[in-house]
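Chain residues, written in single-letter form:
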Amino acid sequence: MTATFDKLDDKGVPPALTGLIGGFLYWKPGALAGIERIGGYLAGTDLPAGRDAPERVGAGEWTGFIGRTGAIALRAAAPSTRPERRERLLALLEMWADSVFVDPTVRMRRGTVRDPQSNAVRDERGATILVCHLREGIRVLELRTGDAEPPGLGPLEEVEELPHDGWGSARQLRDLVALVRERGPMPWDPEAVARLAADTGMSRAAAALALAGTPGTDMFHKPFLDADERRLLDLKAGEVETARVESGRLEEQGWLDLLAGVLPADPADLWAPDAPRHLAGRIAAAWHLRHGRRVPIPETSRALIAEQESRLPAAELCEALAHSAADPLLAEDLDTWLNAPHDGDIGLVDATGRGSAPRRMEHLIEDLAALVPTVYAELPAGDPIREGLPALVRNARARLDHPGLLLAAGHLFGETTVDELRVRFGPHPYDAPEPLSAPAFDDGLTVAAGAAPPSFYGRHRHHPRLFFRPAVLGDDARAQRLRDTLGFGGESVLAGVRRLRGDYFTRIVARVESGALPVGAYEANPAASVPDLVERAAKALGLAPDPAALYLQLLALEAPTDRGVRTWNGWTPTRHRKAVAALVEAGLAVADKRSRAGRGVFLPGAWAPAAKPYRPMETWKAAFLGVEVAGYDGGIHDGVVLDRTLPELFADAWESVERGEGPG
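Basis of the calculations
- Chains are numbered independently. Their residues run from 1 in the order of the written sequence.
- Confidence filtering applies because this is a predicted model: local features only for residues at pLDDT of at least 70, side-chain atom pairs given and counted only at 80 or more, and all residues used for totals across whole chains, interfaces and linings.
- With hydrogens and water excluded, all non-hydrogen atoms of the structure serve as input to the side-chain values.
- Each helix is a run of H or I in the DSSP string that is no shorter than four residues. Each strand is a run of E no shorter than two, and both are numbered from the N terminus.
- Contacts are residue-level and defined by heavy atoms, with any inter-residue pair within 4.5 Å sufficient.
- Reported accessibility uses the Shrake-Rupley method at a 1.4 Å probe radius. Residues are deemed covered only where the shown protein chains occlude them.
- For the purpose of counting charges, residues Lys and Arg are taken to be positive, whereas Asp and Glu are taken to be negative. His and the chain ends are not included.
- The location of each charge is read from NZ of Lys, CZ of Arg, CG of Asp or CD of Glu.
- Residue exposure (1.4 Å probe, protein chains only): buried if accessible area is under 20% of the type maximum, exposed if over 50%, otherwise partly exposed.
- A pair of strands is treated as paired once DSSP finds two or more bridges between them.
- Here the axes come from fitting lines to C-alpha atoms, over the contacting stretch only for helices, and the angles between their N-to-C directions go from 0 to 180 degrees.
- For Phe, Tyr and Trp, where Trp contributes only its six-membered ring, two rings pair if their centres lie within 6.5 Å, and the inter-plane angle classes them as stacked under 30 degrees, edge-to-face over 60, or tilted in between.
- Working rule: Lys NZ or Arg CZ, within 6 Å of ring centre, within 35 degrees of ring normal, means a charge sits over the ring.
- By convention a nonpolar core is built from buried Ala, Val, Leu, Ile, Met, Phe, Trp, Tyr and Cys residues, the set being connected through side-chain atoms within 4.5 Å.

Looking at this structure, how should I read the overall build of the chain?
The helix and strand inventory of the chain stands at 28 helices and 15 strands. C-alpha extents for the chain along the principal axes are approximately 95 × 70 × 40 Å. A separation threshold of at least 6 residues defines the contact pool for the chain, and within that pool the share at least 24 residues apart is 68%. Total accessible area on the chain is roughly 29,600 Å²; 51% of this is exposed by carbon and sulfur atoms. Where the 77 positive side-chain charges of the chain centre and where its 94 negative ones centre are 3 Å apart.

Written out as structure tokens, the structure reads:
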């Protein structure tokens, strides 16, 4: 054994490699020695006595490192890598440098075999060895020494040629290991992070992780980044979550490919003063080849999304809003169907047999239905999240039109019987791909499943469940029947589907695509979105343009907070105070302090308080926006659901004033 890992506790290898390859749940101590033995068998230098082949290592995902060790080397040299992980990475690279996996004279490929004849076979032409069992067959690794086909374990399918001419020669690996041990980690430069973010459209946090070779999510080894790592990378905990979500969109093999060739030919160049900036340039070039260029999402825009109540993480929603074509659930159709997992309750799964994608699709629908109006109204023209709305809405609608998509419509917690479900949604049974634990009926739109028997563990009683096909959702009798029977938790998904498809969102898309709003301007600023209306109101009220614009905002906007108004209008506090004073002097507004209002100026008349998450507002405005004010306490207990664009709201509010139906 030539490497130094013989006395190393390599149970720590999986967390050191997290995010670059998967399958770590199957790794056991001795993995590095096991990989070395497999390499020795392929090369013919280590033939096991009394066995067909060396034992397998993990799930065989480590074979993805062949020709791609540059990503591991970058992580090993990065200053943010924890010392205990760095040692294991260096041990892996040492072993790899002495293995056949870096031999430029051989060719390797991997694939699957349906019915292998043995665990391994070799002769002078090369060798083939079993590396793991897959659901669809057996994964094998093949080495050939010349042009002739090496001996095999059966017909090879899903063949992948493994690279052998990129960064990561034996000399480069040995030099890098020696340099890290001699000089310590490579230098760090925050300017390189900023440059990479600007060149690729990554967030600053994701760019920092890419430069550190630590892009992957760490699901089983917490924390993903500890306090020292965050300090070295100058990242806050929230920024790390943003980067984790962004990085998670690129599968492990994708990060291996992206970072495989970004290191300099001479590893010593990593310690040059300008090395981080050169490294950032090479990562950006590799990114452009694979993903094109993306406009960076401003941190202020990310903060706006983070402020909203949502089902999915804010970082994930930012990426979906700005780059919907890169989101798998928005870019490709999703087929879902009913099944009964081990606990007996009937639910939705996709082709992987899991329910995570159907649940995420439902959460995504709910979040996008709420976020699109907020993004449209509160972000400036030219912002990448706002500019992504047209593509987002079109992609979401296309996915909802897919006949194979089935979504949950809630649980029926009453005493609904199977016979009642059959009468309402039958008599046609649901054609399930596999047997269900209870009868299910299908009227074409709705699938109603009876209550499954209690689970083996007796944890809880199951209830009947409803599901629906958004592609079929219309205004017919079936849709009315679904609405009348909706289960607990189903209203928000159904409403989200209708909202995403509705005319209001169509008008938002048209407004964004029109280019009528100057870049950098906000739709919530009437001086920018409806300048003619501001001029008309100013003339009728005998006011200057600023107070006239503020008056329209007080009339039409749900929450014209002082901070919001100054942001949207580009006003200084002094300019804002002058506009407020003019409105108060004209008797069109009153100055006051009110709980949770976030402003010091209000329309005259009654006030309707509200507790979180709802917004307090003038009772006149509540009626204008369609929000009910409770008779028993005069408060608001519901949220605003807009159905008009902001230019339409400003126009409707001013017409109410002109008709003599304004506040006061």
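I'm lost on the pairing of strand β10 (residues 446-449) in this one. Help?
Side chains on a regular strand alternate between the two faces of the sheet. Alternating residues of β10 divide into T446 and A448 and V447 and A449, and every residue in both groups is buried. Note that strand β9 (residues 440-442) and β10 share three bridges and pair antiparallel. In the strand pairing of β10, A440 is matched with A449. Hairpin connection, β9 to β10: the antiparallel pair is bridged by three residues, and G444 has positive phi, about 100°. Bridge analysis of β10 against strand β11 (residues 465-468) gives four bridges, and the strand direction is antiparallel. Following the sheet pairing, A448 is matched in β11 by L466.

Help me understand the sheet that holds β9 in this model?
In sheet architecture, strand pairing relies on hydrogen bonds along the backbone and comes in two forms, parallel and antiparallel. If you trace the four strands from one edge of the open sheet to the other, you get β8-β11-β10-β9, paired in antiparallel fashion. The open sheet has two free edges, formed respectively by β8 (407-411) and β9, since each of these has just one partner strand. Strand-to-strand twist in this sheet, taken as the mean axis angle between neighbours without regard to direction, amounts to 20°. Across the sheet, helix α18 (residues 418-425) is in contact with β9, β10 and β11; its angle to β9 comes to roughly 10°.

Looking at this structure, I do not really get the packing of aromatic side chains. What am I missing?
Using the criterion set out here, one finds seven aromatic pairs in the structure. Among the aromatic residues, ring-to-ring pairing joins W62, F65, W96 and F101 into one connected group. Its guanidinium or amino end placed over the ring of F602, R594 lies 4.2 Å from that ring's centre, counting from NZ or CZ.

Would you mind showing me how to read the nonpolar core here?
General note: in soluble globular proteins, nonpolar side chains tend to be found buried as a group. Within the largest apolar cluster, 94 residues are counted, with the highest numbers of intra-cluster contacts made by L321, I385, L389 and F468. When residues of this core are assigned to their parent elements, the largest contribution, ten residues, is made by helix α15 (residues 356-378). Of all hydrophobic cores here, the second largest spans 84 residues; its members include A16, A208, A243 and A284.

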